[in-house]
Each structure stands twice: as C-alpha cells, then as structure tokens.
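# Chains, contacts and geometry: an overview
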Amino acid sequence: MHPAFVAIAITGLALAACAQRREAAPAPDPTAPARAAFGDHMEPFQGQPLDEMLAVFGPPSSRRPAQEGGEVVAWARKGETTVDGRVIPQDCTVTAFVDTKGLVSGIFGGGNILYCSKSFVPLPQALRPAAALPPLPPVIGQ
C-alpha cells in the first residue's frame, strides 16, 4: 500500500470520528398556539363560581356529583372536518371540577385540541390578552 494512501485513510477516519452528529431540529408543534389559547381562555375561570362558566358556555352536556364532594360538569362539542378528501370526526369535551363551595377547582380539555380551541375559544384570543376579551357566547346546535 502506498504511504500517501494510508495517510489519507487515517486522516479520513480521524475526521469521521471527530465529526459531531447533527440532529435535525424538532418540527414545530402545530398545536402549540391552540393549546396556549385554550389554556389562556380557561385560566380565568379557575377559582371562580361555576356560574361564570355556565354564563359563557351555556348549559353543560352533563353534571354529576364528584366522589369527594362537589361536582363534575362537562360541555361537549362535536363536529367534523375534511382532510385530503376524507371526513374526520372532531370532538372536544371541557370538564370542570367544582368544589363543595361551587368554585371551579380544575378544568380539563379532552379530544382534539385544535377543535377544542376552535369550539371554546373566541377567534381574537390569539391576538389579545384573555382579560380584554368579552365572554364567549354559547355554541348552539353542535
């Protein structure tokens, strides 16, 4: 073997060993703005009387007593969207945990977060702080 070839081969192997593996940056989360808007819109209800949520979202889809006292109140929205010519069902349930004093102690959104944001959060939410928004009118017929 020629000495120049050996030197080139050794240099190439050394460079390959020293090279750092570059990892691709993670893809941006397309649901991040929807999750943020949903959370921002729901946060002001925490610690407030359930009546405030009832005034904004209308009558709940279900109400039941909680095991530890208080109640569990839920609003469900259903719809559909078309993606690549296929109809895909959309759903969202917002569940409020209400303590024995009638105050909202927790809120959970379940289902498709993009649809939850579309169904429960007014459009200007992403553009203005939550405190500046008027209450969201109830969704009828969904």
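No experiment lies behind these values; they were computed from the predicted model shown.

About the cut-offs
- Within each chain, residues carry numbers counting from 1 in the order of the written sequence.
- Only residues with pLDDT of 70 or above have their local features reported here, since the model is predicted, and side-chain atom pairs are shown and tallied only from 80 upward, although totals for entire chains, interfaces and linings are computed over all residues.
- Note that the side-chain values use all heavy atoms of the structure and ignore hydrogens as well as water.
- Working definition: a ring pair exists when centres of Phe, Tyr or Trp rings (six-membered ring for Trp) sit within 6.5 Å. Plane angles under 30 degrees give stacked, over 60 give edge-to-face, the rest tilted.
- Each helix corresponds to a stretch of at least 4 residues labelled H or I by DSSP, and each strand to a stretch of at least 2 residues labelled E; elements are numbered beginning at the N terminus.
- The criterion is simple. A nonpolar core is a set of buried Ala, Val, Leu, Ile, Met, Phe, Trp, Tyr and Cys residues joined through side-chain atoms within 4.5 Å.
- Under the scheme applied here, a residue whose accessible area is under 20% of the maximum for its type counts as buried, over 50% as exposed, and between as partly exposed, the area being computed with a 1.4 Å probe on protein chains only.
- Count a disulfide wherever a pair of cysteine sulfur atoms falls within 2.5 Å.
- A pair of strands is treated as paired once DSSP finds two or more bridges between them.
- For helices, the axis comes from a line fit to the C-alpha atoms of the stretch in contact; other axes are also lines fit to C-alpha atoms, and the angle between any two N-to-C directions lies between 0 and 180 degrees.
- Should any heavy atoms of two residues lie within 4.5 Å, those residues are considered in contact.
- A side-chain nitrogen of Lys or Arg and a carboxyl oxygen of Asp or Glu constitute a salt bridge if their distance falls within 4 Å.
- An arc is given here, and it is the one of the directions from the helix axis to the C-beta atoms.

Using the criterion set out here, one finds three aromatic pairs in the structure. Seen in terms of ring centroids, phenylalanine 57 and phenylalanine 120 are 5.3 Å apart; in terms of plane orientation they differ by 75°. Their pairing is edge-to-face. Here phenylalanine 57, found in helix 3 (residues 50-57), pairs with phenylalanine 120, found in helix 4 (residues 113-120); they are 63 residues apart in sequence, far enough to count as distant. What links up through ring pairs into an aromatic cluster is the set Phe45, Phe57, Trp75 and Phe120.

What follows deals with the nonpolar core. Soluble globular proteins: nonpolar side chains tend toward being buried together. Ranked by internal contacts, the top residues of the largest apolar core, which has 20 residues, are Met42, Met53, Phe57, Trp75, Val94 and Phe120. Counting residues per element, the ones that place at least two in this core are helix 2 (32-42), helix 3, strand 2 (71-83), strand 3 (86-98), strand 4 (104-111) and helix 4.

Next up on the list: the state of the cysteines. As enumerated under the stated definition, the model contains one disulfide in all. Linked covalently through their sulfurs, cysteine 92 and cysteine 116 form a disulfide whose S-S length is 1.9 Å. Its torsion about the S-S bond being 105°, the disulfide of cysteine 92 and cysteine 116 is classed as right-handed. Of this pair, cysteine 92 sits in strand 3 while cysteine 116 is found in helix 4, placing the two residues 24 residues apart along the sequence. Across the pair, exposure class does not vary: cysteine 92 and cysteine 116 are buried alike.

Note: strand 1 (residues 62-65) against strand 2, four bridges, orientation antiparallel. Residue pairing across strands places arginine 64 opposite valine 72, the latter belonging to strand 2. Between strand 1 and strand 2, which pair antiparallel one after the other, the connecting turn spans five residues, and glycine 69 there sits at a positive phi close to 100°. Pairing geometry for strand 2 and strand 3, over 13 bridges, is antiparallel.

As a further point, take the sheet that holds strand 2. Note on sheets: strands pair through backbone hydrogen bonds, and any given pair is parallel or antiparallel. The strand order across the open sheet formed by four strands is 1-2-3-4, and the pairing between neighbours is antiparallel. Pairing within the sheet leaves two strands with one partner each, and these edge strands are strand 1 and strand 4. Neighbour-to-neighbour, the strand axes of the sheet open up by a mean angle of 20°, direction not taken into account. Of the strands in this sheet, strand 1, strand 2, strand 3 and strand 4 touch helix 3, which is tilted by about 30° from strand 2.

Per the stated rule, a full pass over the model turns up one salt bridge. Of the charged contacts, one joins glutamate 71 and arginine 63 as a salt bridge, the two residues approaching to 2.9 Å between their closest N and O atoms. Given the relative accessible area of 44%, arginine 63 is considered partly exposed.

In this structure, the hairpin formed by strand 2 and strand 3 is closed by a connection of two residues, where aspartate 84 is found at a positive phi of approximately 50°. Alignment of strand 3 against strand 4, held across seven bridges, turns out to be antiparallel. Its bridge partner lying in strand 4, valine 98 is registered against valine 104. Hairpin connection of strand 3 to strand 4: five residues between the antiparallel strands, including glycine 102 at a positive phi of 85°.

This brings us to helix 3. The set of residues buried in helix 3 consists of Leu50, Met53, Val56 and Phe57. For helix 3, the angular spread of buried residues about the axis comes to 125°, placing them on one side. Counted as exposed and oriented over 90 degrees from the buried face of helix 3: Asp51 and Ala55. Here the buried face of helix 3 lies against helix 2, strand 1, strand 2, strand 3, strand 4 and helix 4.

All we've got here are geometric facts, nothing functional implied.
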